[in-house]
Amino acid sequence: MTQPPQSSSGPLSPQYGAYGQGGAPAPGAPSPQGFAPAPAKKPSKAPKILIILGVVVLALSVIIGVVLAVIGFGGTVSDLEELEVFESGSGSITAEAGESLQVYVQEGAPVPSCTIDGPAVGAGTIQSSSMNDGENSWVSVDSFTADEAGEYTVTCGDTPIAVGPPVSIGGIFTGLGGILLAIGGGALGFLLLVIGVILLIVRKRSA
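Given the structure is predicted, the values throughout are model-derived calculations rather than measurements.

What counts, and where the lines are drawn
- Residues numbered from 1 in each chain as written.
- Predicted model: local features only at pLDDT ≥ 70, side-chain atom pairs only at ≥ 80, totals over all residues.
- Heavy atoms only, no water.
- Phe/Tyr/Trp six-rings, centres within 6.5 Å; stacked < 30°, edge-to-face > 60°.
- Buried < 20%, exposed > 50% of the residue type's maximum accessible area, 1.4 Å probe, protein only.
- Pairing = 2+ DSSP bridges.
- Helix = DSSP H or I, 4+ residues; strand = E, 2+ residues; numbered from the N terminus.
- Axes fitted to C-alpha atoms, helices over the stretch in contact; angles between N-to-C directions.
- Contact = heavy atoms within 4.5 Å.
- UniProt positions renumbered as here; feature names shortened; annotations may be inferred.
- Disulfide = S-S within 2.5 Å.

## Notes on the packing of aromatic side chains
Under the definition given, this model contains one aromatic pair. Aromatic pair Phe144 and Tyr152: ring centres 5.8 Å apart, planes at 35°, arrangement tilted. Neither Phe144 nor Tyr152 differs from the other in exposure class; each is buried.

So, in structure tokens, the structure goes:
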């Protein structure tokens, strides 16, 4: 009996349909539901922003703080340079109109009774000041204001004295404020910088 011709058999060739090989969606083709795949989520810029902000805050805080400290304490140093020492306990000093001066004695010395003579001696300040010239510590015991410009004589017996302007309170506060700004602002900027770097490292490891 004649056998009917048999067709050759073998694995079917993969077919490409509307959704690619084997029925899977081809790259870039819409999903079976008709929606394109969601775009990749962009990484957050927060770490870089924190790093930049931290560097800026750290740099500005340190720079401005140092400048304020130099200006503030520099004024105090200039007051110290104007201090005139009279070892004999008396001496003369030239003052401008309206200038306020204080009489200083060495720290621990008895408070002398001083007389002040000049063109026009006015009331002094109630501020108490202290200075250190590197050799002696001076504390104020009396003060006066030169109502007129001229030469003023201060006599305090045999106790060594020094005559000069009162310590600049504003300069001290400015200097201390500069130090606090440099420390506090610098710490804040450094903290922001560290947080930004940590977030950036964690994101890279996760990727």
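## Remarks on the sheet that holds strand β10 (residues 150-155)
The sheet built from three strands is open, its strands ordered β4-β10-β6 with antiparallel pairing. Of all strands in the sheet, those with a lone pairing partner are β4 (90-95) and β6 (115-117), marking the two edges. This sheet shows a mean twist of 20° between the axes of neighbouring strands, independent of strand direction. Of the pairings in the sheet, the one linking β4 to β10 comprises six bridges and is antiparallel in character. Bridging from a neighbouring strand, Thr94 pairs with Glu151 of β10.

## What to know about the environment of Asn132
As for its placement among the helices and strands, Asn132 is situated in strand β8 (residues 130-132). The spatial distance from the C-alpha of Asn132 to the C-alpha of Gln106 is 9.5 Å, given a sequence separation of 26 residues.

## Comments concerning the environment of Gly157
Locating Gly157 in the fold gives a position in the loop between β10 and β11 (161-164). For Gly157, a relative accessible area of 41% translates into the label partly exposed. Linking Gly157 and Thr115, residues 42 residues apart in sequence, is a C-alpha distance of 9.3 Å. Each residue touching Gly157, except ones within four places of it in the same chain, is listed here: Ser88 and Gly89.

## Let's talk about the UniProt feature "transmembrane region" (unreviewed entry) in the protein chain
The feature "transmembrane region" (unreviewed entry), as given by UniProt, occupies residues 49-73 and 179-202 in the numbering adopted here. The span residues 179-202 is 100% helical and 0% strand by assignment, and the distance between its end C-alpha atoms comes to 35 Å.

## Focus on the state of the cysteines
Applying the stated criterion across every chain, the model contains one disulfide. Shown here is the disulfide that connects Cys114 with Cys156, its sulfur atoms set 2.0 Å apart. Taking the torsion about the S-S bond as the criterion, the Cys114 to Cys156 disulfide, at about 115°, is right-handed. Within this pair, whereas Cys114 is found in the loop between β5 (99-106) and β6, its partner Cys156 is found in the loop between β10 and β11, the two being separated by 42 residues in sequence.

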